[in-house]
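A look at the structure
Letter by letter, the chains look like this.
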Amino acid sequence: MFGIGSKKLGIDLGTANTLVYAEGKGIVLNEPSVVAKNNNTGEVVAVGSDAREMIGRTPGSISAIRPMRDGVIADYDTTAAMMKYFIEKTAGNSKPSVMVCVPSGVTEVEKRAVIEATQHAGAREAYVIEEPFAAAIGAGLPVMDPTGNMVVDIGGGTTDVATISLGGIVSSRSIRVAGDKFDDSISSYIKTNFNLQIGERTAEDVKIQVGSASIEKAKELETMQIRGRDLVTGLPKTIQLTGEDIATAIHEDVQEIIETIKETLEETSPEIAADVIDHGIVLTGGGALLHHLPEVISEATGVPVFIAQDPLDCVAIGTGESLKNIDVMRRQK
């Protein structure tokens, strides 16, 4: 396997996707955080995009699994194998210094697990950076200035909300309601209301195409045809879904994110709250692309809301940019 020989890597180790940023080259890899394993031998059969194609389509001897759950490691050995693959693919035979982002609410034990898995995967040294801080850097916010900024990073496993000033997190919240939870809510709604069982990938496609944060505004979206297994007959079946269906399915999840944003704002000082009103709230992560989400959050908080320029890449870019400060982290060890 040939890599590009990078000495420093920033890794956005996400529940849904893993992005790798190589110093001086930008984002060099973006693949699903999925591993296919042989159940009999434990051997890794495929990683990333190849493994994702196998989800829901594998024979009994092979399992396609996502080793990250809710932003943290759920399966240590499989995560280490996945990291090894990604590091080799981007760094070749060199042993790079690696910065990995983690959700803001993780414990010291969970941070240590990420560092050890990264070193086990071939890194010379590994450090962690909190996700909302990396997202803010990647979104181009002035994180080192004495002014308050607020970032909401909606990933696959977690939503991280933080106010940032003078190079640090002032207040933060992390909840396990994000893209995966939207998918689960959509599957559950379709099962209950249409007696139809759908797969993970179908739920995600529905969310992307007709998912909306507003039941009222969802009427503007087109309908979508999906296929699944009828729970009554056991046979394949096709149904039509509207944007209102999906907005109803994920309504409680969206409200939970809004409540978390409000709670984080309530914890901040009046000065930082005033700065946030001036500058607005910045949304990053794949969940930021949910239809009508900025308008719904703005309406609920009374604060302007913007989507970052590259919401899907912000955390990886910020993690990579933080590599410039790796010497400071070495001294703090």
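The structure under discussion appears in the preceding block.
From a predicted model like this one, the values you see are computed outputs, not experimental measurements.

Attention now goes to the overall build of the chain. Within the chain, the secondary structure is distributed over 12 helices and 18 strands. Radius of gyration (C-alpha) of the chain: 20 Å, near the 20 Å computed for a compact globule of 333 residues. Among the 333 residues that make up the chain, the fraction classed as buried is 52%. Pairs at least 24 apart in sequence give 64% of the contacts found in the chain among residues at least 6 apart. Each charge sign in the chain was given a centre, from 30 positive and 47 negative side chains, and these centres are 8 Å apart.

A few words on the nonpolar core. Formed by 40 residues in total, the largest nonpolar core has its most connected members in Ile190, Ile226, Val254, Ile261 and Ile281. Shared between two domains, this core holds at least three residues of each, these being domain 2 (142–177 + 251–310) and domain 3 (179–249). The contact partners of isoleucine 226, leaving out residues within four places of it in the chain, are Ile190, Leu196, Ile198, Thr202, Val206, Lys237, Thr238, Ile239 and Leu241. Formed by 26 residues, the second largest nonpolar core is a distinct cluster that contains Ile87, Ala91, Ala121 and Val128.

To continue, consider helix α9 (residues 270–279). Here α9 has its buried residues at Ile272, Asp275 and Val276. Angularly, the buried residues of α9 cover 100° about the axis, an arc narrow enough to put them on a single face. Residues Pro270, Glu271 and Asp278 are exposed on α9 and point more than 90 degrees away from its buried face.

Right, let's get into the sheet that holds strand β2 (residues 17–22). With mixed pairing, five strands are arranged side by side in an open sheet as β3-β2-β1-β9-β10. Whereas interior strands pair on both sides, the edge strands pair on one side only; in this sheet they are β3 (26–32) and β10 (125–130). The sheet shows a mean angle of 20° between the axes of neighbouring strands, direction not considered. Relative to strand β9 (residues 97–102), strand β1 (residues 8–13) runs parallel, the two being bridged by four bridges. In the strand pairing of β9, lysine 8 is matched with serine 97. Sheet contacts for helix α3 (residues 108–120): β9 and β10; angle to β10, the most-contacted strand, approximately 145°. Strands in contact with helix α4 (residues 131–138) are β9 and β10; relative to β10, the strand with the most contacts, it is inclined by about 80°.

Here we take up the pairing of strand β15 (residues 224–230). Summarising the sheet, strand β14 (residues 196–197) and β15 pair through two bridges and their orientation is antiparallel. Of the residues in β15, the one forming a bridge with glutamine 197 is arginine 229. As paired strands, β15 and strand β16 (residues 236–241) are joined by six bridges and run antiparallel to one another. Counterpart to arginine 229 in the pairing with β16 is proline 236. Hairpin connection, β15 to β16: the antiparallel pair is bridged by five residues, and glycine 234 has positive phi, about 80°.

Cut-off values and rules
- Residues numbered from 1 in each chain as written.
- Predicted model: local features only at pLDDT ≥ 70, side-chain atom pairs only at ≥ 80, totals over all residues.
- Heavy atoms only, no water.
- Helix = DSSP H or I, 4+ residues; strand = E, 2+ residues; numbered from the N terminus.
- Rg over C-alpha atoms; globule rule 2.2 N^0.38 Å.
- Buried < 20%, exposed > 50% of the residue type's maximum accessible area, 1.4 Å probe, protein only.
- Contact = heavy atoms within 4.5 Å.
- Lys, Arg positive; Asp, Glu negative; His and termini not counted.
- Charge placed at Lys NZ, Arg CZ, Asp CG, Glu CD.
- Core = buried A, V, L, I, M, F, W, Y, C linked by side-chain atoms within 4.5 Å.
- Domains from an automatic or database assignment.
- Arc of directions from axis to C-beta.
- Pairing = 2+ DSSP bridges.
- Axes fitted to C-alpha atoms, helices over the stretch in contact; angles between N-to-C directions.

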